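# Structure assessment
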Amino acid sequence: MAMGGALTRHLQDLPSLRQFVLLVGLAGAIAAGLWLFFWTQRPGYVPLFAELAPRDAAEVTEALGAAGIEYKLDDATGAVKVPEDKLHEARLKLASQGLPQQADRGFELIAKDPGFGVSQFVENARYQHALETELARTVATLRPVRSARVHLALPKPTAFARNRDQAGASVVLELFSGRTLDENQIAAIVNLVSSSIPNLPPERVTVVDQTGRLLTRRDGEQSAADAQFDQVRRMETAYVERVQQLLEPMLGPGRVSAQVTVDMDFSETEEAREVYGPDPGKVRSEQVAEEITGSAAPAAAGVPGATSNTPPGPPAPSANATAAAQEPAPVGNRNATRNYEIDRTISHSRRPAGRIRRVTAAVLVDNLPAAAGDGKKPASRPLTPAQVAQVEALVKQAIGFDANRGDAVTVANAPFVRNETPEGGEEPPLWENPTVQQLLRLGVGALAVLALVFGVLRPTLRQIVAPRAAAALPAAALEGTLEPAAALASPDGAAPAAAMRGPAPGTAGATDAGPTTHEARLQQARSAVAQDPKRVAQVVKAWVGSDG
């Protein structure tokens, strides 16, 4: 250890080696400062695409290099990263070239040479895979859909079976964050897949999202109940929007809270009715049948042999009358059939499901703003009875109020409780702001550069550029006495020999001989520093310069 320390001191005493070390340190400090400067100016890298296939990643990086955009590949995730300020430019460049392409291929597989000796099973598998890929590409073109996968269950055709099995399909969708599919879009996907495959009815298509939620509905009581609930919710939402859109222009935004309840009847009623009118019947048809048969001899009258009892008869008829009286009277039968029209009304009515039985609405209105008080805070005032009645009348008109149906409307006025925090929630911390992070990054880099300049470069440059002091304390001062006043009297820092050796004996004002012990010399040096520190600093600087 002693030999190593001596060697180190010996190397430090060499002037050329010390200069070399100083130059190397200066160059390293400058390099570190430049690196910090460019590090603070370099933008951060953000992911451009993540989880790319190797083929797609190679095409993307090649296109970025051709466009002159810097990129990095993350070894952990395989993501392609670009500078933050080049993100949108890189996406536009790649989109113009159709990158990244999907690794799966559709009917491009059929265009390739299938090779020699491919079996029928492999050809069918390739065709089905190509068909699934093409359907997935088509479904993925919808805006809410990020990616899609389609699985087909196609029965094997045969000529020996009379009843053929139906095909089936399942679609797995990955939606963008915060987006959903409505009923029309789901029905469109189902019909699209069903129309693309022969013998595939729409009810055999299943659509599922990335969370495992079934999007297609099946026939059944639960599906009917869900549909009825959705219809009621849509009706209530429509009424609430009507009320708010009608009252907010008058009362102000955020000062109306409305809730509407709709009671709907989903029972289906079918009725057939036949009604007869009170009008008398009208003859529609009449049929008369009359039958006349032969005549019969007149019957005897009176009591035989009692002529005296015979009443007197009419006067004697003439000859023609006598002949007519002697002819017999005809005998007949007459039947008449008449058909009458009767007033009748036949009605057949069917009431569809979803009839509104009752509507109830509750509206809460905030106080209206008033003039500011003495505390310069906005004051509020409640609504007058006339204003409340006006709001109630408007609400009734908005919901189609029907008293016979049992509708009810309630309007109340109360001050709202305001939340002082913003609607967007708590603000993120200041250090999470990208602008603040960039400023902190620049500040840290600037502080590091300043510390490097004032802590390393400045002392090093002083040692290299500082002029050598012409005078230094001679060896006699180290061996003999050192009188501070005499040694530091000369401007160039050189002490005369008489002052170093001490005054001559018997001289007036002569001092004692200089101290010879180490402790005495230290005490004398301390006193000199206390008397004139600037002069001592020059002497020490001269010592340092004399080593070179």
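Residues numbered from 1 in each chain as written. Predicted model: local features only at pLDDT ≥ 70, side-chain atom pairs only at ≥ 80, totals over all residues. Heavy atoms only, no water.

## So, the overall build of the protein chain
Here is the rule: Working definition: helices are DSSP H or I runs of at least four residues, strands are E runs of at least two. Numbering for both runs from the N terminus. Each residue is assigned to one of three classes by its accessible area relative to the maximum for its type, calculated with a 1.4 Å probe on protein chains only: buried under 20%, partly exposed between the two thresholds, exposed over 50%. Should any heavy atoms of two residues lie within 4.5 Å, those residues are considered in contact. To measure how exposed things are, a 1.4 Å probe is used in the Shrake-Rupley method; for residues, cover is taken only from the protein chains shown.
Summing up its helical and strand segments, the protein chain has 16 helices and 15 strands in all. Scored against the burial criterion, the 548 residues of the protein chain give a buried share of 21%. A fraction of 70% describes how many contacts in the protein chain between residues 6 or more apart in sequence connect residues 24 or more apart. For the protein chain, the computed accessible surface area is about 39300 Å², with 56% contributed by carbon and sulfur atoms.

## Some points on the side chain of Asn-367
Here Asn-367 is to be found in the loop between β12 (355-365) and β13 (368-369). If near-sequence neighbours (up to four positions away) are discounted, Asn-367 is found in contact with Arg-255, Ser-380, Arg-381, Pro-382, Leu-383, Asn-413, Ala-414 and Pro-415.

## As for the pairing of β12
Condition: Only strands joined by at least two bridges in the DSSP assignment are considered to pair.
Here strand β7 (residues 256-265) pairs with β12 via 10 bridges, running antiparallel. Its bridge partner being in β12, Ser-257 is matched across the sheet by Leu-364. Pairing analysis gives 6 bridges linking β12 to strand β15 (residues 408-413), with the strands arranged parallel. Residue pairing in the sheet places Ala-361 in a bridge with Val-409 of β15.

## Quick look at the environment of Ala-153
Relative to the helices and strands, Ala-153 resides in strand β4 (residues 145-153). Residue Ala-153 is classed as partly exposed on the basis of its relative accessible area, which comes to 46%. In the structure, Ala-153 is positioned 13 residues away from Gln-166 in sequence and 8.9 Å away in space, judged by C-alpha atoms. Among all residues touching Ala-153, those that are not within four sequence positions of it are Ala-167 and Gly-168.

## Focus on the sheet that holds strand β6 (residues 205-208)
Worth spelling out the cut-off: With axes taken as lines fitted to C-alpha atoms, and helix axes fitted only over the stretch in contact, angles between N-to-C directions fall between 0 and 180 degrees.
Strand order in the open sheet formed by 3 strands is β4-β5-β6, with mixed pairing between adjacent strands. Bordering the open sheet on either side are β4 and β6, each of which pairs with just one other strand. Shown here is a sheet whose adjacent strand axes are inclined to one another by a mean of 15°, direction ignored. Sheet topology places strand β5 (residues 168-175) next to β6; 4 bridges connect them, and they run parallel. Bridge pairing links Val-171 to Val-207 in β6. Along the sheet, helix α6 (residues 120-140) contacts β4 and β5; its crossing angle with β4, the most-contacted strand, is approximately 150°. Sheet contacts for helix α7 (residues 183-196): β5 and β6; angle to β6, the most-contacted strand, approximately 140°.

## As for the sheet that holds strand β1 (residues 45-49)
Read across the sheet, 3 strands follow the order β1-β3-β2 without closing on themselves; strand pairing throughout is antiparallel. The strands lining the two open edges of the sheet, one partner per strand, are β1 and β2 (72-73). Sheet analysis places β2 next to strand β3 (residues 80-83), joined by 2 bridges and oriented antiparallel. Along β3, the bridge assignment pairs Leu-73 with Val-80. Packing of helix α3 (residues 54-67) onto the sheet brings it into contact with β1, β2 and β3, and relative to β3 it is tilted by some 20°. Against the sheet, helix α4 (residues 87-96) makes contact with β1 and β3, and its axis sits at roughly 20° relative to β1, the strand it touches most.

## Quick notes on the packing of aromatic side chains
Our working definition: Aromatic rings from Phe, Tyr and Trp, taking only the six-membered ring of Trp, are treated as a pair when their centres fall within 6.5 Å; an angle between ring planes under 30 degrees marks them as stacked, one over 60 as edge-to-face, and anything in between as tilted. Two limits define a charge over a ring: the Lys NZ or Arg CZ must be within 6 Å of the ring centre, and within 35 degrees of the ring normal.
Counted according to the given criterion, the structure contains 0 aromatic pairs. The ring of Phe-401 has Lys-396 sitting right over it, with the charged end atom 4.8 Å from the ring centre.

## Focus: the confidence of the model for the protein chain
Detailed reading of the predicted coordinates is not advisable wherever pLDDT is low. Let me state the cut-off plainly: Confidence of the predictor at the level of single residues is captured by pLDDT, which takes values from 0 to 100.
Per-residue confidence for the protein chain gives a mean pLDDT of 74, with 68% of residues at or over 70. Across residues 467-515, confidence stays below pLDDT 50; counting only partners more than four residues off in sequence or on other chains, it has 60 contacts.

## A look at unusual backbone geometry
We note that Asn-199 has phi near 60°; this positive angle belongs to a residue other than glycine. Within the fold, Asn-199 resides in the loop between α7 and β6.

## Points about α4
Going by this rule: Directions drawn from the helix axis to the C-beta atoms are what define this arc.
Listed as buried for α4 are Leu-87, Ala-90 and Leu-94. Down the axis of α4, the buried side of the element spans an arc of 65°, and every buried residue falls inside it. In α4, the exposed positions that point more than 90 degrees away from the buried face belong to His-88, Leu-92, Ala-95 and Ser-96. Buried positions along α4 lie against β1, α3 and β3. Just downstream of α4, Gly-98 is the residue with a positive phi angle, here 75°.

## Some words on the pattern of salt bridges
Rule in force here: The working definition used for a salt bridge is a side-chain nitrogen of Lys or Arg within 4 Å of a carboxyl oxygen of Asp or Glu.
Counted under the stated rule, the structure contains 9 salt bridges. Salt-bridge contacts for Asp-263 lead to Arg-357; the nearest nitrogen and oxygen are separated by 3.1 Å. Residue Asp-263 is located in strand β7, and its partner Arg-357 is located in strand β12; the two are separated by 94 residues in the primary sequence. Looking at Asp-263, the relative accessible area reads 33%, which means it is partly exposed.

## Quick notes on the packing of α6 against α7
Axes are the key here: two packed helices are described by the angle between their axes and the distance separating the axes. Defined as follows: Convention used here: angles under 35 degrees read as roughly parallel, angles over 145 as roughly antiparallel, angles from 65 to 115 as roughly perpendicular, and any remaining angle as oblique. Each helix crossing is assigned a hand: it is left-handed if the near helix lies turned anticlockwise from the far helix by less than a right angle, otherwise right-handed if that turn is clockwise. By the convention adopted, Pro, Cys, Tyr, Trp, Phe, Met, Ile, Leu, Val and Ala count as nonpolar, Lys, Arg, Asp and Glu as charged, and the other residues, Gly among them, as polar.
Where α6 meets α7, the axes come as close as 11 Å, and the angle between the chain directions of the two elements is 155°. On the basis of their axis angle, the class for α6 and α7 is roughly antiparallel. Note on packing geometry: the crossing formed by α6 with α7 is right-handed. Within the contact between the two elements, α6 uses Leu-135, Thr-138 and Val-139 and α7 uses Ile-189, Leu-192, Val-193 and Ser-196. Partitioned by chemical class, the residues of the contact of α6 with α7 number 5 nonpolar, 2 polar and no charged.

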